[in-house]
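Here are the chains, one letter per residue:
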Amino acid sequence: MNYTNLFKIALRAIFANKMRSFLTALGIIIGVASVITMLAIGQGSKRSIQANIAEMGSNMIMVHPGADMRGGVRQDPSAMQTLKLTDYQTLKDECSYIKAISPVVSTSGQFINGNNNTQSTIYGVNQEYLGIRQLSVSDGELFSDQELKASAKVCILGQTVVDYLFPDGTDPVGKVVRFNTIPFRVIGVLKKKGYNSMGMDQDNLVLAPYTTVMKRILAQTFLSEIQASAITEDVTDKATVEITSILRRNHKLKDATETTQGDNDDFNIRSQEELSSMMNSTTNMLTILLGCVAGISLIVGGIGIMNIMYVSVTERTREIGLRMSVGARGVDILNQFLIEAIMLSVTGGLVGVILGIGASYAVKMLAHWPIYIEVWTIIMSFAVCTFTGVFFGWYPAKKAARLDPIEAIRYE
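What counts as what
Residues numbered from 1 in each chain as written. Predicted model: local features only at pLDDT ≥ 70, side-chain atom pairs only at ≥ 80, totals over all residues. Heavy atoms only, no water. Helix = DSSP H or I, 4+ residues; strand = E, 2+ residues; numbered from the N terminus. Rg over C-alpha atoms; globule rule 2.2 N^0.38 Å. Buried < 20%, exposed > 50% of the residue type's maximum accessible area, 1.4 Å probe, protein only. Contact = heavy atoms within 4.5 Å. Areas by Shrake-Rupley, 256 points an atom, 1.4 Å probe, with all protein chains shown as cover. Lys, Arg positive; Asp, Glu negative; His and termini not counted. Charge placed at Lys NZ, Arg CZ, Asp CG, Glu CD. Expected span 1.5 Å × (residues − 1). Phe/Tyr/Trp six-rings, centres within 6.5 Å; stacked < 30°, edge-to-face > 60°. Lys NZ or Arg CZ within 6 Å of the ring centre and 35° of its normal. Pairing = 2+ DSSP bridges. Axes fitted to C-alpha atoms, helices over the stretch in contact; angles between N-to-C directions. Parallel < 35°, antiparallel > 145°, perpendicular 65-115°, else oblique. Left-handed = near helix turned anticlockwise from the far one by under 90°. Core = buried A, V, L, I, M, F, W, Y, C linked by side-chain atoms within 4.5 Å.

Chemist: Looking at this structure, I do not really get the overall build of the chain. What am I missing?
Modeler: Check the secondary structure of the chain and you find 13 helices and 12 strands. A globule of 412 residues ought to have a C-alpha radius of gyration of about 22 Å, yet the chain, at 34 Å, is considerably larger. With the C-alpha coordinates of the chain rotated into their principal frame, the extents come out at 105 × 70 × 40 Å. The buried share of the chain, taken over its 412 residues, is 44%. Sequence separation of 24 or more characterises 77% of the internal contacts of the chain that already satisfy a separation of 6 or more. Total accessible area computed for the chain in this model is approximately 21,400 Å², and 58% of it derives from carbon and sulfur atoms. Computed over 37 positive and 36 negative side-chain charges, the inter-centroid distance for the chain is 7 Å.

Spelled out as structure tokens, the structure:
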């Protein structure tokens, strides 16, 4: 008995029981579709987070004041005054692995324009801050070195602040707004960035010279943080080590020796690479979890195929005995039922792939979730469903091949 005849016999058996065959393949269809959809959602979320991190600057490095113990009480890092302008200047002059660096001081308050007002945060920075954070001015201009030195009361508004303060669409450039009681002249508007993957509005901010915020608003001499960007993402670790070394020297922190313990850092350094690695680890775990949950459907579908094949073997016992009595070998009977199981699983797999791709795009359109379908997920799902058909179809087929022809013919 050649394979062409075996395929014809398998097709005839499948079409003879259309509804039963459909229900058998349904488990595989749902399983494959679930795996593709779940992995598409997981990969979409991962890429969305990576894109948002890249928008903030994938080679960005942030230096914050470190918490300290005073009288046995751990202080809030935001209250520490360990970062000074001299630290910023030393890092700017001596760091060889960074291409841009900016001091940062910030405070929140109310911005007012006539009868319109909004709560926002004003960041005191220099001109290099925009390159570090991947920001750009869409209208107007950036403050100059002269305005920075003179602590000029000028600012650049984010688009969300513009929408609240100028709801009638008036061009804000050249207008004067107040931060609490201090007037600021608007010299520019930032290009809109929208919300990031964590739901934060990236346009609800105002930029001003750091000298202005330090002297005219906060009246302080220390920095909230220092932000920098490495020359490339590959040298971020080297830049971090270099910054640590310079700050420890500036702050006169003692290094550990064979007999004495070194001083702890009074600052914290974080990089976007570190954040990216943490987020990737989380999203990978989520994707694996989603894939495992969806994969259970494939196992259930395989068990369904095995059950139906058992029923099919039982129903066709006399047919099997008749075929074996006229010369069919055990391997022919094995192949007959195995091909039938594989055809059910492969057909179900193909339909499941189409349904999974469709369901993924439906999720994107209806729920507005980011999705990304990778070719390997389709190949893997299809390969698993084929393996499932072979694995769960083999045992019933083996049972059929071992039937005694005489007893099979007499089976009632």
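Next comes the rest of the write-up.
Chemist: When you look at helix H11 (residues 330-366) in this model, what are you seeing that I'm missing?
Modeler: Given 3.6 residues to a turn, an α-helix orients residues that are three or four positions apart in the same direction. The end-to-end C-alpha distance of H11 is 53 Å, a good match for the 54 Å that 37 residues give at a rise of 1.5 Å each. With its phi angle positive at about 60 degrees, His-368 sits one or two positions after the end of H11.

Chemist: I tried to follow the packing of aromatic side chains on my own but got confused; where do I start?
Modeler: Centre-to-centre distance and the angle between the planes together describe a pair of aromatic rings. For the structure on display, the rule yields three aromatic pairs. Aromatic pair Phe-387 and Phe-391: ring centres 5.8 Å apart, planes at 25 degrees, arrangement stacked. Here Phe-391 and Phe-387 lie together in helix H12 (residues 375-401), a separation of four residues that amounts to about one turn. Take Phe-387: its relative accessible area is 55%, and that puts it in the exposed class. Above the face of the Tyr-372 ring, Arg-47 is positioned so that its terminal group lies 3.8 Å from the ring centre.

Chemist: Looking at this model, I keep getting lost on the pairing of strand S5 (residues 116-125). Mind explaining?
Modeler: Residues in a regular strand point their side chains to alternate faces of the sheet. Two strands pair when backbone bridges link them, and strand S4 (residues 98-113) and S5 are joined in this way by nine bridges, in the antiparallel orientation. Bridge pairing in S5 links Asn-113 to Asn-116. With antiparallel pairing between neighbouring strands as the criterion, S4 and S5 make up a hairpin whose turn holds two residues, including Gly-114 at a positive phi of roughly 65 degrees.

Chemist: Just checking my understanding: could you explain the packing of helix H3 (residues 85-94) against helix H8 (residues 236-250) for this structure?
Modeler: A packed helix pair is summarised by two numbers, namely the angle formed by the two axes and the spacing between the axes. Remark: H3 packs on H8, axes separated minimally by 10 Å, with the N-to-C direction vectors making an angle of 135 degrees. Relative to H8, the element H3 is oriented oblique. Judged by the sense of rotation from one axis to the other, the crossing of H3 with H8 is right-handed. Side by side, H3 and H8 meet where Thr-86, Asp-87, Thr-90, Leu-91 and Glu-94 of the first sit next to Glu-242, Ile-243, Ile-246, Leu-247, Arg-249 and Asn-250 of the second.

Chemist: Honestly, the nonpolar core in this entry has me stumped. Any pointers?
Modeler: Buried together is how nonpolar side chains tend to be arranged in soluble globular proteins. Counting residues in each nonpolar core, the largest one holds 54 residues, and the members touching the most others are Leu-207 and Ile-243. Ranked by the residues each element gives to this core, the list is headed by strand S9 (residues 182-190), at six residues. In this view, Ile-243 contacts Ile-61, Val-63, Leu-91, Cys-95, Ile-98 and Ile-269; residues no more than four positions away in its chain are not counted. Within the second largest apolar cluster, 23 residues are counted, among which are Val-35, Ile-36, Met-309 and Leu-334.

Chemist: Explain the environment of Ser-151 to me, please; I cannot follow it from the model alone.
Modeler: You can see Ser-151 is positioned in the loop between helix H5 (145-149) and strand S7 (154-157). We classify Ser-151 as buried; its relative accessible area is 4%. Each residue touching Ser-151, except ones within four places of it in the same chain, is listed here: Thr-211, Thr-212, Lys-215 and Arg-216.

Chemist: What am I meant to see in unusual backbone geometry here?
Modeler: Trans peptide bonds make up most of the peptide bonds, and negative phi angles are found at most residues other than glycine. Its identity is not glycine, yet Gln-134 carries a phi of approximately 60 degrees, on the positive side. Examined against the element boundaries, Gln-134 turns out to sit in the loop between helix H4 (129-132) and strand S6 (137-140). What makes Gln-134 partly exposed here is its relative accessible area of 44%.

Chemist: I keep staring at H8 and nothing clicks. Help me out?
Modeler: Over its 15 residues, H8 runs 21 Å from end to end, which matches the ideal 21 Å to within 8%, given 1.5 Å per residue. Those residues of H8 lying buried are Thr-236, Ala-239, Thr-240, Glu-242, Ile-243, Ile-246, Leu-247 and Arg-248. Of the residues one or two after H8, Lys-252 is the one with positive phi, at around 55 degrees.

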